[in-house]
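So you can see what is in the structure, the chains are spelled out below.
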Amino acid sequence: SFRQIFCLQRLWRMALATIPYAASPLLTPHCRRKVHSVISCQIDIVKAKQAPESTPSPAKLRIKIAGAWDALMRWSQRKSSYVSTSRRSSEAWAGVRKVVVFGGGSFGTAMGSILALQKSELEVVLLLRDEQLSSDINVKHMNSKYLQGCSLPHNVRATTNVAEAISGAQYAVHAVPVQSSRAFLHGIKDVLPPTTPLLCVSKGLEVTTGSMMSELIPSALGRCQPVVFLSGPSFAKEVLEKQPTGLVAASTDLQLANTVQALLSSPAMRVNTTSDVVGIETCGALKNVLAIGAGIIQGLGLGQNALAAFIVQGCSEIRYLVEAQGGKASTINGLGGIGDICLTCYGSLSRNRSVGVRLGQGEQLQDILASSSQVAEGVATAAVVVLLARRFRVSLPVLTGIAQILEGNISCEEAVNEIMGLPQIQGEA
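Small disclaimer: the values here were computed from a predicted structure and weren't measured. (Residues numbered from 1 in each chain as written. Predicted model: local features only at pLDDT ≥ 70, side-chain atom pairs only at ≥ 80, totals over all residues. Heavy atoms only, no water.)

*Asks:* Just give me the short version of empty space enclosed by the protein, but keep the residues and values in it.
*Replies:* All chains considered together, the criterion is met by 2 cavities of 30 Å³ or more. Here the largest cavity defines a volume of roughly 80 Å³. What lines the largest cavity is simply Cys-200, Val-201, Ser-202, Lys-203, Gly-204, Phe-229, Leu-230, Ser-231, Ile-280, Glu-281, Gly-284 and Ala-285. Looking at the lining of the largest cavity, the elements that each hand over two or more residues are β6 (227–231) and α12 (277–300). When residues of the lining of the largest cavity are assigned to their parent elements, the largest contribution, 4 residues, is made by α12. (1 Å grid on protein atoms, 1.4 Å probe; cavity = no way out; pocket = protein on both sides within 12 Å on 5 of 7 lines; lining within 4 Å. Points joined across faces, edges and corners; volume = space filled by probe spheres on them. Helix = DSSP H or I, 4+ residues; strand = E, 2+ residues; numbered from the N terminus.)

*Asks:* Let's hear about the environment of Val-201: which residues, and what values?
*Replies:* Along the polypeptide, Val-201 turns up in the loop between β5 (198–200) and α9 (213–221). For Val-201, a relative accessible area of 10% gives the class buried. Each residue touching Val-201, except ones within four places of it in the same chain, is listed here: Phe-107, Met-111, Val-173, His-174, Ala-175 and Leu-230. (Buried < 20%, exposed > 50% of the residue type's maximum accessible area, 1.4 Å probe, protein only. Contact = heavy atoms within 4.5 Å.)

*Asks:* Explain the pairing of strand β8 (residues 269–274) to me, using residue names and the numbers behind them.
*Replies:* Looking along a regular strand, one sees the side chains alternate between the two faces of the sheet. Taken together, the 6 bridges between strand β7 (residues 245–250) and β8 define a ladder with parallel strand orientation. Across the sheet, Ala-249 pairs through a bridge with Thr-273, a residue of β8. For the segment spanning β7, helix α11 (residues 254–264) and β8, crossover handedness is right-handed. (Pairing = 2+ DSSP bridges. Right-handed = clockwise from strand over helix to strand, strands pointing away.)

*Asks:* Tell me about the side chain of Ser-234, and please be specific about residues and values.
*Replies:* Here Ser-234 is to be found in the loop between β6 and α10 (236–240). The exposure class of Ser-234 is buried, given its relative accessible area of 12%. One polar contact links the side chain of Ser-234 to the main-chain carbonyl oxygen of Gly-232, over a distance of 3.0 Å. With near-sequence residues (within four places) excluded, Ser-234 lies in contact with Phe-107, Val-239, Thr-245, Leu-247 and Leu-343. (Polar contact = N/O pair within 3.5 Å; in protein donor to acceptor, adjacent residues only side chain to side chain.)

*Asks:* Break down the pattern of salt bridges for me, citing the residues and quoting the values.
*Replies:* Enumeration over the complete set of coordinates arrives at 8 salt bridges. Residues Asp-136 and Lys-140 are paired through a salt bridge, measuring 3.4 Å at the closest nitrogen-oxygen approach. Of the two residues, Asp-136 and Lys-140 both sit in helix α6 (residues 131–140), 4 residues apart, roughly one turn of that helix. Among the residues examined, Asp-136 registers a relative accessible area of 8% and is labelled buried. For Glu-363, the salt bridge identified is with Arg-358, shortest N-O distance 2.9 Å. Look at the salt bridges and you will find they share partners, linking Glu-123, Arg-157 and Glu-164 into a network. (Salt bridge = Lys/Arg side-chain N within 4 Å of Asp/Glu carboxyl O.)

*Asks:* For the pairing of β6, give the residues involved together with the corresponding values.
*Replies:* Judged by how many residues are buried, β6 sits mostly within the fold: 5 of 5 residues are covered. Here β6 shows no split at all, with Val-227, Phe-229 and Ser-231 on one side and Val-228 and Leu-230 on the other all buried. In the sheet, β5 pairs with β6 via 3 bridges, with the strands oriented parallel. Residue pairing in the sheet places Leu-198 in a bridge with Val-227 of β6. Strand direction decides the pairing type here: β6 and β7, joined by 3 bridges, are antiparallel. Its bridge partner being in β7, Leu-230 is matched across the sheet by Ala-249.

*Asks:* A description of unusual backbone geometry should follow, citing residues and the corresponding values.
*Replies:* Phi is positive for Lys-242, close to 60°, though the residue is something other than glycine. Mapped onto the elements, Lys-242 comes out in the loop between α10 and β7. Relative accessible area serves as the criterion here: at 52%, Lys-242 is assigned to the exposed category. A positive phi angle, close to 55°, is found at Arg-393, a residue other than glycine. Relative to the helices and strands, Arg-393 is located in the loop between α17 (377–392) and α18 (397–406). Looking at Arg-393, the relative accessible area reads 78%, which means it is exposed.

Here it is as structure tokens:
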């Protein structure tokens, strides 16, 4: 029995504790190993004699499952009892009267609305360039350009006046497309207080420099700004509809990340935190490129087998680049990695995937981009990925193939044939 195992182990420990090493020849190093080996063998024999546990009846199995669930709920209550979620949220929102959102696209609008719903007296201001869209939001309480049919909370309004939008704001949500972010931030740096935390939801790499947003923001502002990077599987429409959503808040300032977690957490939204900014940003940028490839596979009609193999290979390549840049390989297993990748590659609302589907069906990239009202960041990011692969000396065949297609160097069919003809991998599952 396990009691016998326990007794044998206890006897072994007692023997070592009570017999002086110098007084007994039994405890010479050689004999010590020998006795330990004998005890280990006895333990293995006892274990081997244990009969396997019989499968419980359906009634007992239901009881076991219910017991396991109850234990999990009790653990959750104990974990939450240290500092209640409502208390943390109240503390985080204390003194917060205004939030500004840079950009009036779908996700910027959704994030502003979620924050507005967290506190009814909060003022949320969307800073836009489009006067017509600004008027539309203020009159109809709806972003008819990007989120048609979705009503916005009463405490969300829009303006095109930079000073008015930023003045008095305790937080700023940055939702400007990556390729426009440098010029935008440079233009507001004298108005934006250096202590105002940014919640960055923009994902991608700057084409001209290859910079991630964590590099671009301080460069454009000319100073360090408190910033948290939000990522995870989150289509704007479903966020606005308060469908269950999981995000991750990444920052080198974990206290700020925890504050943002408390600001956003609700019955419909869970927020994890991490300090791996490099990993989260790399996954967030490259998943857009991967989604274009996933769309191409669907557009070509290559089936689910090909799509699954493609996504797995793409995840491996993203992991290689994350590690090469000093990020954590484990980040790709979380919400900001596989979570975001799965949503973007499989979800019908994905802009990047839609571009890929149309490419696979034979449309020209210029025509696709001209007919789209929203930015597909993966198109601009793909070329930069190749430069990063060279800089960090990692092989990214799938992501490089997508860049080749987008540059017009090869057709979708040629890229598939070339990738399928690469050497087989050995010694790796």
